[in-house]
Amino acid sequence: MDAHWLALPILNQLNSGVLVLTTDYTISYYNQFIERRLGVPLVEVRDRCVFDVFTDLPEAWLTRKLDSVVALNAPTFSSWEQRPYIVKLPHLRPVSGGTDYMMQNCTMLPLQHPKTKETFVCLLIEDATDVSIYQQELQQNMQALQQANRLDGLTKVLNRAHWEELLQTEMLRAKRYHQPLSLILFDLDKFKQLNDDYGHLGGDFVLIELASFIQSLLRESDYLGRYGGEEFGIILPNTALQGASEVAERVCKAVAEHELLFNQRHIRATISLGVAELNTHRHKDAHDLLQCADIALYVSKRQGRNRSTKYHEQLQDYLQKVNS
Amino acid sequence: MVRLTPDQQDALQELMNIAMGGASDQLARFLNTFIHLQVPAIQVVEACSVPEQLSRTYIDNDIRLVSQGFMGSAGIQGEAMLLYNMASTHHLAAILGYQQDDTSESEMLSDISSILTTTFLNSLSAQLDSSLSYSAPRILSCQPTELKQRLTELSERWTAALQVNIHYQVTDYAFDCEMILLIPGSALATLQQRLDHILQEF
């Protein structure tokens, strides 16, 4: 079968753009795919410079690419992931997903006229709008999943697994750069009582409200996480014991003054806090540091709650004394 | 495992030398600069040994892996991989003649890969009386930890790997990259036939 007649109808039915340029960047041909989207008949622009017709082409970049196709007699490519589009065209997708123009994958091929031996560059333009939107959706979903994986379902602060991971990372960073690092552990006072008085919904309400309130008191670089039940932790990078203790005092006071309203009933809750600073010689891992903060927290509870305690070594002796 | 005879190995090395010469000549004219090119050292290995070896070599480096498929007549096909050590690619924009702010790193890597792969393989295929089509280059990996996994996935599809070490020196700037051509057993057999044919002609 003589296949020559096929070329033109296929070029025009093709669901990809075909744009042919001369080596001095004038338009030699484009197919219906481009013609219809552009709304300009080929006869009106043939032999005109492509940069005069498509005014927002990246001229410096594109001339370099076209020159490379001619000089190296080799194809070159452009992907929507790196450059969303080359020729600004509308897309036909009804739901655009936020993209106004057709995302494009483009292949630039060297062509040679069989008779005159003149060289042309053919730009094959594929519509990648669908792919780009799926990719975008996938990324959004992945982000949402990752976030869900890191947050505590009830209070929306960091969950224990992720918070502990961050603690490890921050400890390593502090050691490497010889920066201080402090840790606050705190516990809602008399949580059982709260649950008894206001029911479990009331208890949950207090946890949610306080977590978000305390989060608002912290710097962006501090990490608040739910350690378990009514126990929370705050990682304070680049903060020494004194600074961390000031944060703890401030949080303690603010919480005690913060009135919560649950089912028309006012709730005042208090917290007890323990503060410890990383000691790179003594603390081998996160567990050692957590333990120090936990001892300080225990002392706060022991001494009447609604207060914060800085960890120091004598606390161990104090504990032994009161427990014996 | 298909192995090349010493004669075939020599012939291939010679073809590669010519191809690399042709490619760098084209490149020099395009970039309008002098290009110094080392004679590439080639090695045919089993594809499955590549991931282990390369991930060991590049374990501590900031690397990029760019892959581009190729297919020609007479069963010649495969995948060309370029490995860049990012420490040596600061001057890509200058080498390519791009304005730095106009072009992202990944775009420059794709462009330089495409240029290196197509000029070299066009040159090589011309000697084998074939012409090639190419897929668009894709950046596969940025993390050394991912490198091995990526390479393993790739190498499972292919039988043999042709490892070519390329060192380009472009007047003021130098950059290194490693090219690995992964090819299926059938294409290697075709290649061997072509090499035998060339050897007979001498």
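Predicted model, so just to flag it, every value in this text is computed and none were measured.

1. Structural notes on the overall build of chain A
Piece 1. For chain A, the helix and strand inventory stands at 11 helices and 12 strands.
Piece 2. Radius of gyration (C-alpha) of chain A: 33 Å, far over the 20 Å computed for a compact globule of 324 residues.
Piece 3. Taken over the C-alpha atoms alone, chain A extends approximately 105 × 50 × 40 Å along its principal axes.
Piece 4. Taking all 324 residues of chain A together, 44% fall into the buried category.
Piece 5. Here the analysis covers contacts within chain A between residues at least 6 apart in sequence; of these, 58% occur between residues at least 24 apart.
Piece 6. For chain A, the accessible area works out to roughly 17600 Å², and carbon and sulfur atoms hold 50% of it.
Piece 7. Positive and negative side-chain charges in chain A, numbering 33 and 40 respectively, have mean positions lying 5 Å apart.

2. Thoughts on the nonpolar core
Piece 1. The biggest cluster of nonpolar side chains holds 89 residues, and the ones touching the most others in it are Ile27 and Met108 of chain A together with Tyr84 of chain B.
Piece 2. Counting residues per element, this core draws most heavily on helix α1 (residues 6-31) of chain B, which supplies 11 residues.
Piece 3. The contact partners of Ile27 of chain A, leaving out residues within four places of it in the chain, are Leu19, Val20, Leu21, Leu42, Val45, Arg46, Asp47, Arg48, Val50, Val53 and Phe54 of chain A.
Piece 4. Core analysis: the second largest hydrophobic core is formed by 32 residues, Tyr198, Ala211, Leu224 and Phe262 of chain A among them.

3. What to know about the interface of chain B and chain A
Piece 1. Taken together, the contact pairs 27 residues of chain B with 17 residues of chain A.
Piece 2. Taking both sides of the interface into account, the surface hidden between chain B and chain A amounts to around 1700 Å²; carbon and sulfur atoms contribute 51%.
Piece 3. Our enumeration of links across chain B and chain A arrives at 3 salt bridges.
Piece 4. Lys65 of chain A serves as the salt-bridge partner of Asp111 of chain B, at 2.4 Å between the closest nitrogen and oxygen.
Piece 5. There are 7 residue pairs in polar contact (both at pLDDT 80 or more) connecting chain B and chain A.
Piece 6. Secondary structure elements with two or more residues in the side of chain B that touches chain A: α1, α4 (105-127) and β6 (138-141) of chain B.

4. Looking at a nonpolar patch on the surface
Piece 1. A cluster of nonpolar side chains, Leu138, Met142 and Leu145 of chain A, forms an exposed patch at the surface whose accessible area comes to about 340 Å².
Piece 2. In this fold, Met142 of chain A is placed in helix α6 (residues 129-150).

5. Comments concerning the confidence of the model for chain A
Piece 1. On average, chain A scores 91 in pLDDT, and the residues at 70 or more come to 98%.
Piece 2. The secondary structure element of chain A with the lowest average pLDDT is helix α11 (residues 314-323) of chain A, at 79, and the one with the highest is strand β8 (residues 231-237) of chain A, at 97.

6. Quick word on the environment of Val206 of chain A
Residues and elements named next belong to chain A.
Piece 1. Residue placement: Val206 occurs in helix α8 (residues 191-217).
Piece 2. Take Val206: its relative accessible area is 0%, and that puts it in the buried class.
Piece 3. Between the alpha carbons of Val206 and Asp187 there is a distance of 12 Å; along the sequence they are 19 residues apart.

7. Points about the packing of aromatic side chains
Residues and elements named next belong to chain A.
Piece 1. Enumeration over the complete set of coordinates arrives at 5 aromatic pairs over all chains.
Piece 2. Centre to centre, the rings of Tyr85 and Tyr101 are 5.5 Å apart; their planes meet at 55°, and the pair counts as tilted. Of this pair, Tyr85 sits in the loop between β3 (76-78) and β4 (104-112) while Tyr101 is found in the loop between β3 and β4, placing the two residues 16 residues apart along the sequence.
Piece 3. Sitting over the ring of Phe33, Arg37 keeps its end group 3.8 Å from the ring centre.

8. A few points about the pairing of strand β4 (residues 77-85) of chain B
All names here are of chain B.
Piece 1. By the criterion of burial, β4 is predominantly enclosed, with 7 of the 9 residues buried.
Piece 2. Note: strand β3 (residues 63-72) against β4, 9 bridges, orientation antiparallel. Its bridge partner being in β4, Met71 is matched across the sheet by Gln77.

9. A few points about the domain arrangement of chain A
Piece 1. What the domain assignment reports for chain A is domain 1 (4-135) and domain 2 (152-323).
Piece 2. Relative to domain 2 of chain A, the C-alpha centre of domain 1 of chain A lies at a distance of 60 Å.

What counts and how
- Residues numbered from 1 in each chain as written.
- Chains lettered and ligands numbered in written order.
- Predicted model: local features only at pLDDT ≥ 70, side-chain atom pairs only at ≥ 80, totals over all residues.
- Heavy atoms only, no water.
- Helix = DSSP H or I, 4+ residues; strand = E, 2+ residues; numbered from the N terminus.
- Rg over C-alpha atoms; globule rule 2.2 N^0.38 Å.
- Buried < 20%, exposed > 50% of the residue type's maximum accessible area, 1.4 Å probe, protein only.
- Contact = heavy atoms within 4.5 Å.
- Areas by Shrake-Rupley, 256 points an atom, 1.4 Å probe, with all protein chains shown as cover.
- Lys, Arg positive; Asp, Glu negative; His and termini not counted.
- Charge placed at Lys NZ, Arg CZ, Asp CG, Glu CD.
- Core = buried A, V, L, I, M, F, W, Y, C linked by side-chain atoms within 4.5 Å.
- Buried area = accessible area lost by both parts, 1.4 Å probe.
- Salt bridge = Lys/Arg side-chain N within 4 Å of Asp/Glu carboxyl O.
- Polar contact = N/O pair within 3.5 Å; in protein donor to acceptor, adjacent residues only side chain to side chain.
- Patch = residues over 30% accessible without salt bridge, like charges linked within 9 Å, V, L, I, M, F, W, Y side chains within 5 Å.
- pLDDT = per-residue confidence, 0-100.
- Phe/Tyr/Trp six-rings, centres within 6.5 Å; stacked < 30°, edge-to-face > 60°.
- Lys NZ or Arg CZ within 6 Å of the ring centre and 35° of its normal.
- Pairing = 2+ DSSP bridges.
- Domains from an automatic or database assignment.

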